[in-house]
Amino acid sequence: MNIQAAWSDCDVRSSAMAGGTGAPPACACGSSPRLADTRAVWPSLLPVQPMWVCSRFPTCDAYVRCHDGTTEAMGSLAGRRLRRLRGLAHQRVDPLWQDGGRVVDRDMFYRIAAEVMGISNLHIGYLDEEGCLRLMERAPQIEAALDRHAALVLHPDNAGAL
């Protein structure tokens, strides 16, 4: 799946949320998601929370957790490799908005990062493998864009110099 195709999942997410189910799109294997709880993957994890798994789980090991207190998926179903890449993507880019000294919050970071990547909506939980790799590769450009944004916010009188 290419990066642009990954964003069609975001539209599916929005319509699923509007319908109230919070279900992720179909699994990459073609199977439907099934609502389960965290004991399906982590039998001793407490507290037990809802999560979505591939209906072929555990043969297909794709799953995604839910936002706290809801059955709304935090992204699309992901197998082991994609979950690892999404984790690495978060490790690479989250410090860009979490570390002190920046004038951006999480939402502004994602808006700026999406613009740098040339897409309309960025959510790591909906990126495919290619999208995760691309996000990590573009981190320096995203950081530069964040710095320009911060400079504009902190020194609007110097906007012409940027």
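Residues numbered from 1 in each chain as written. Predicted model: local features only at pLDDT ≥ 70, side-chain atom pairs only at ≥ 80, totals over all residues. Heavy atoms only, no water.

(A) Highlighting the sheet that holds strand 2 (residues 50–54). Ordered in space as 1-2-3, the three strands form an open sheet in which the pairing is antiparallel. In this open sheet, the two strands that pair with only one neighbour each are strand 1 (33–37) and strand 3 (63–65). The average angle at which neighbouring strand axes cross in this sheet is 25 degrees, direction not considered. Pairing between strand 2 and strand 3: three bridges, direction antiparallel. The residue of strand 3 that forms the bridge with Trp52 is Val64. (Pairing = 2+ DSSP bridges. Helix = DSSP H or I, 4+ residues; strand = E, 2+ residues; numbered from the N terminus. Axes fitted to C-alpha atoms, helices over the stretch in contact; angles between N-to-C directions.)

(B) Geometry of the side chain of Arg86. Turning to its location among the elements, Arg86 is positioned in helix 2 (residues 80–98). Here the side chain of Arg86 touches Ser76 through a polar contact of 2.6 Å, side chain to side chain. Within the local environment of Arg86, its side chain forms a polar contact with the backbone oxygen of Ile124, the two atoms lying 3.4 Å apart. Aside from chain neighbours lying at most four places away, what touches Arg86 is Ser76, Ala78, Ile124, Gly125, Tyr126, Leu127 and Cys132. (Polar contact = N/O pair within 3.5 Å; in protein donor to acceptor, adjacent residues only side chain to side chain. Contact = heavy atoms within 4.5 Å.)

(C) Representation of the layout of surface pockets. One number sums up the size of the largest pocket: a volume of about 460 Å³. Together, 20 residues line the largest pocket, and Val64, Met74, Arg86, His90 and Gly125 are the ones closest to its centre. For the lining of the largest pocket, the secondary-structure elements that each account for two or more residues are strand 3, helix 2 and helix 3 (106–117). At four residues, the largest contribution of residues to the lining of the largest pocket is made by helix 2. Residue composition of the lining of the largest pocket, grouped by class: seven nonpolar, seven polar and six charged. (1 Å grid on protein atoms, 1.4 Å probe; cavity = no way out; pocket = protein on both sides within 12 Å on 5 of 7 lines; lining within 4 Å. Points joined across faces, edges and corners; volume = space filled by probe spheres on them. Nonpolar A, V, L, I, M, F, W, Y, C, P; charged D, E, K, R; others polar.)

(D) A look at the packing of helix 2 against helix 5 (residues 139–154). Running from N to C, helix 2 and helix 5 point in directions that differ by 10 degrees, and their axes come no closer than 11 Å. One finds that helix 2 runs roughly parallel with respect to helix 5. The segment helix 2 lies against helix 5, with Arg92, Val93 and Leu96 engaging Ala139, Pro140, Ile142, Glu143 and Leu146. Tallied by class, the residues present in the contact of helix 2 with helix 5 amount to six nonpolar, no polar and two charged. (Parallel < 35°, antiparallel > 145°, perpendicular 65-115°, else oblique.)

(E) Inspection of the packing of aromatic side chains at higher detail. Evaluation of the coordinates by the stated rule reveals three aromatic pairs. With centroids separated by 6.3 Å and ring planes inclined at 85 degrees, the aromatic side chains of Phe57 and Tyr63 adopt a geometry described as edge-to-face. Relative to Tyr110, the ring of Phe109 has its centre 5.0 Å away and its plane inclined at 80 degrees; by these criteria the two rings are edge-to-face. Looking at Tyr110, the relative accessible area reads 8%, which means it is buried. Taken together, the aromatic side chains of Trp42, Phe57 and Tyr63 make up a single cluster linked through ring pairs. (Phe/Tyr/Trp six-rings, centres within 6.5 Å; stacked < 30°, edge-to-face > 60°. Buried < 20%, exposed > 50% of the residue type's maximum accessible area, 1.4 Å probe, protein only.)

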